[in-house]
Structures are given as structure tokens and as C-alpha cells.
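Reading the structure
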Amino acid sequence: MAVKIDKKIKGYSVLTPEDKAREAAALIPTASVPRETVEKEVPQDNIIQMHERIERPEVLIGSTYKIKSPLVEHAMYVTINDIVLNAGTEHELRRPFEIFVNSKSMEHFQWIVALTRIMSAVFRKGGDVTFLVDEMKAVFDPRGGYFKAGGVYMPSLVAELGAIVEEHMKSIGLIHDPEMSAHQRAILAEKRKQYEDRAKKNSDVSVVPSPAPAGEGARRADEGASAVMPGSSEDIAVTGDGASFPPSATLCHKCSTKALVIMDGCATCLNCGYSKCG
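Residues numbered from 1 in each chain as written. Predicted model: local features only at pLDDT ≥ 70, side-chain atom pairs only at ≥ 80, totals over all residues. Heavy atoms only, no water.

**Notes on empty space enclosed by the protein**
Vacant regions in the atomic arrangement are exposed by a probe of water-molecule size rolled over the atoms. Definition in use: Grid points spaced at 1 Å and placed over the protein atoms alone form the basis of the search, with a cavity being a set where a 1.4 Å probe fits but cannot get out and a pocket an open set showing protein on both sides within 12 Å along at least five of seven lines. Lining residues have an atom within 4 Å of a point. Grid points are joined across faces, edges and corners, and a volume is the space filled by probe spheres set on the points. Note on conventions: DSSP H or I runs of at least 4 residues are helices, E runs of at least 2 residues are strands, and numbering of each starts at the N terminus. Three classes are used, and their members are as follows: Ala, Val, Leu, Ile, Met, Phe, Trp, Tyr, Cys and Pro are nonpolar, Asp, Glu, Lys and Arg are charged, and the others, Gly among them, are polar.
Evaluated as defined, the whole model comprises two cavities of 30 Å³ or more. Put simply, the largest cavity is a space of about 60 Å³. Forming the boundary of the largest cavity are Ile67, Met76, Val101, Trp111, Ile112, Leu115, Leu157, Val158 and Leu161. Contributions of two or more residues to the lining of the largest cavity are made by helix 3 (109-125) and helix 5 (157-171). Of the residues in the lining of the largest cavity, the class split is nine nonpolar, no polar and no charged. Within this model, the second largest cavity holds a volume of roughly 40 Å³. If you trace the second largest cavity, you find it lined by Met50, Arg95, Pro96, Phe123, Gly126, Gly127, Val129 and Leu174. Of the residues that constitute the lining of the second largest cavity, the class distribution is five nonpolar, two polar and one charged.

Listed below in C-alpha cells is the structure:
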């Protein structure tokens with residue numbers, strides 16, 4: 001059927017069957033739904049991740065670590081402050097935000113300030129910041145490293161600072177250290193017991209007195225009955241603060257701890273269980 005249009009045409013559109021169905025659905029009355037119900041059904045995706053636009057809160061949670069190195073006269077105190085993201089939710093995260101190093105020693109002041117400022121900037125940038133640990137622990141001092149308490153070798157002062165950052169990241173769950181299984185722990189304890197028993201047996205054999213000429217025993221008693229025999233020091237001396245590794249142990253290249261001993265002709269680490277023989 002033809003329709004005559006008397007007015008000026010300003011625009012037009014083609015009406016499709018889908019448009020007709022949509023207009024018909026709009027005319028059907030729908031039941032109202034409470035706003036609370038709609039908000040519960042909508043997924044909440046407001047998880048805050050670490051990024052550089054996050055402002056520093058008034059209060060931060062921090063931990064302080066002590067470095068006592070033979071390379072410096074005074075001890076260094078490393079403070080790492082953390083920010084808590086999504087507090088009180090199941091997505092709560094604790095991430096490092098800033099780091100400071102304080103010491104009475106001023107010989108390393110300028111590079112320590114520069115290093116801590118760069119590290120703090122990397123922390124605030126967000127993302128995976130665990131790469132700092134590997135980079136710092138790989139730094140060595142051309143003058144030589146040192147053994148810290150416990151017999152762990154540190155190639156430089158920066159490497160020990162990296163080890164502290166690694167320890168802190170493990171404590172907040174940012175780095176997960178693979179633990180030894182119960183079977184590995186049992187084998188390590190057995191190897192350590194075997195070495196201690198052998199060292200004790202050797203010390204007992206070395207302290208057996210030999211026959212002495214007449215009057216020699218009295219002279220030895222006068223010189224000191226409490227003298228320690230040479231073979232008995234192996235199983236009682238310790239390395240570092242309470243680490244009961246033998247003084248004759250060498251450095252283990254796997255865990256960087258002075259705990260590598262020779263057992264049955266094979267180099268075995270009493271700290272991490274590494275064995276050269278497999």
C-alpha cells in the first residue's frame with residue numbers, strides 16, 4: 001500500500017524483527033528486584049594490586065635485621081616496611097614498600113642510600129620484585145667474601161643484604177622456599193649421626209694413654225689434667241652461632257654453608273643433604 005509523505009524526510013531506519021520483539025518485551029511488566037540482591041549477585045573484582053600510584057599510609061608494618069660483617073667496623077641495621085593490601089579480606093596481601101639501612105659507619109653511606117632508594121622505587125612499582133634477591137646475591141667483593149654466623153658464605157656485603165631481603169620475602173609469603181621432605185630429613189639426620197659417631201669413636205681412640213716411663217705420669221698431671229686432646233675437638237667445636245658443623249667441614253656450593261664433610265669417601269653436606277655421589 002502506497003503512503004504519500006507530505007513533510008520533508010529528515011532520516012529513516014529499517015525496523016527488523018528483532019527490534020519488534022524488543023519493543024514487545026519492554027511492554028511486559030517485570031517484578032522489581034531489591035538493590036541488595038543485585039549487588040550480591042554481581043561479582044566483586046576490586047582486588048588492589050601493588051602499583052606506583054598507591055600512596056604511602058601513615059603507618060606501615062616493618063621488620064629490622066642486623067648485619068655484623070667483618071668488612072665494616074660497626075653493625076648495620078636493615079629495616080623493611082610492608083604495606084597491607086586488601087586488608088580484612090580473603091585477598092589480603094603484604095608487600096614490601098620501602099627499605100632503609102642505618103649504621104654508625106659512614107664509609108659506605110652514599111652507595112647504601114642510592115641502593116635503598118632504587119630498591120624502594122622497585123618495591124612501589126609493583127609486579128614481581130623477587131628478582132632483586134638473585135641480582136644482589138650474585139654481587140661479589142674483589143677483596144674476598146666472609147663467613148657469617150652459622151658458616152654461610154657471603155661473597156660481599158651487598159650479597160648479605162640480598163639474603164636479608166630474601167629472608168623477609170619468605171616471611172611474608174612472597175617467596176616460597178621448597179622444604180625438604182620427611183624422607184630427605186631422615187636421611188640427612190642419619191648421615192649426621194653417622195659422622196658424629198665416627199668422630200666420637202676416633203676421639204676415643206686418640207685419648208687412650210700410652211705407657212709412660214716412671215715419674216712421667218706425675219709430670220703430665222702437673223702440667224694440666226684438664227688439657228683437651230687433639231682428636232676430641234672435632235665433635236664439640238661449632239661453626240657460627242650454635243651451628244654444630246665440624247670445624248674441618250668445607251664450603252658446600254649448593255647451600256653456601258661450611259658443612260661439607262667426607263663420609264665413606266664421598267663429599268656430603270650436613271646442612272642441605274647434597275652428596276657428590278648422588
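**Points about the packing of aromatic side chains**
The condition is simple: By convention, a stacked pair of Phe, Tyr or Trp rings (six-membered ring in the case of Trp) has centres within 6.5 Å and planes under 30 degrees apart, an edge-to-face pair has planes over 60 apart, and any other such pair is tilted. Cation placement over rings: the criterion is NZ of Lys or CZ of Arg within 6 Å of the ring centroid and within 35° of the ring normal.
A complete count under the given rule lists one aromatic pair for this structure. Over the face of the ring belonging to Phe147 we find Lys258, whose NZ or CZ atom lies 5.3 Å from the ring centre.

**Points about the sheet that holds strand 1 (residues 61-67)**
Under the convention used in this document: Pairing between strands is defined by DSSP: at least two bridges between them are needed. Every angle, taken between N-to-C directions, lies between 0 and 180 degrees, and every axis is a line fitted to C-alpha atoms, over only the stretch in contact when it is a helix. Two residues form a contact once any of their heavy atoms are found within 4.5 Å.
Spatial strand order, 1-2-3: three strands in an open sheet with antiparallel pairing. Strands with a single pairing partner mark the edges of an open sheet, and in this sheet they are strand 1 and strand 3 (93-103). Neighbour-to-neighbour, the strand axes of the sheet open up by a mean angle of 20°, direction not taken into account. Across the sheet, helix 3 touches strand 2 (76-85) and strand 3, and the angle it forms with strand 3 is around 175°. Strand contacts of helix 5: strand 1, strand 2 and strand 3, with the helix running at about 145° to strand 1, the strand carrying the most contacts.

**As for the pairing of strand 7 (residues 258-263)**
With two bridges connecting them, strand 6 (residues 250-251) and strand 7 associate as antiparallel partners. Each bridged residue has a counterpart across the sheet, and for Thr250 the counterpart in strand 7 is Leu260. In sequence, strand 6 turns back onto strand 7 through a hairpin of six residues, with Ser256 there showing a positive phi of about 55°. In this structure, strand 7 lies alongside strand 8 (residues 266-269), joined through four bridges in antiparallel fashion. Note that in strand 8 the partner of Val261 across the bridge is Thr268. The hairpin turn running from strand 7 into strand 8, its antiparallel successor, is two residues long, and Asp264 in that turn takes a positive phi close to 55°.

**Concerning the side chain of Ser105**
Our working rule: Within 3.5 Å is the distance limit for a polar contact, defined as a pair of N or O atoms, with the added protein rule that one can donate a hydrogen and the other accept it, and that residues adjacent in sequence qualify only through two side-chain atoms.
Tracing the backbone through its elements, the reader meets Ser105 in the loop between strand 3 and helix 3. Side-chain polar atoms of Ser105 contact the side chain of Glu107, separated by 3.4 Å.

**A short note on helix 3**
As a reminder, the rule being used: What a helix is expected to span follows from its residue count: subtract one and scale by 1.5 Å. Burial classification: accessible surface area is computed with a 1.4 Å probe over protein chains only, and a residue below 20% of its type maximum counts as buried, one above 50% as exposed, and the rest as partly exposed. Taken from the helix axis, the directions to the C-beta atoms give the arc we talk about.
If you check helix 3, its first and last C-alpha atoms are 25 Å apart, about what 17 residues at 1.5 Å a residue would give, namely 24 Å. Within helix 3, the full set of buried residues consists of Ile112, Thr116, Met119, Ser120 and Phe123. Down the axis of helix 3, the sector holding all buried residues measures 105°, keeping them to one side. Facing away from the buried side of helix 3 by more than 90 degrees, the exposed set consists of Gln110, Arg117, Ile118 and Lys125. On its buried face, helix 3 sits against strand 2, strand 3, helix 4 (131-137) and helix 5. Of the residues one or two after helix 3, Gly126 is the one with positive phi, at around 90°.

**Digging into the sheet that holds strand 6**
Read across the sheet, three strands follow the order 6-7-8 without closing on themselves; strand pairing throughout is antiparallel. With partners counted over all chains shown, the strands left at the sheet margins are strand 6 and strand 8, one partner each.

**Considerations on the pattern of salt bridges**
The condition is simple: The working definition used for a salt bridge is a side-chain nitrogen of Lys or Arg within 4 Å of a carboxyl oxygen of Asp or Glu.
For the structure shown, the criterion picks out eight salt bridges. Note that Glu52 is salt-bridged to Lys125, the shortest N-O span being 3.2 Å. With a gap of 73 residues between them, Glu52 in the loop between helix 2 (35-41) and strand 1 and Lys125 in helix 3 connect regions that are remote in the sequence. Each of the two residues, Glu52 as well as Lys125, counts as exposed. Notably, a salt bridge pairs Lys137 with Glu166, separated by 2.8 Å at the nearest N-O pair. With Lys137 in helix 4 and Glu166 in helix 5, this pair connects stretches of sequence that are 29 residues apart. Relative accessible area serves as the criterion here: at 38%, Lys137 is assigned to the partly exposed category. Beyond isolated ion pairs, a larger network of salt bridges with shared partners links Arg56, Glu98 and Arg124.

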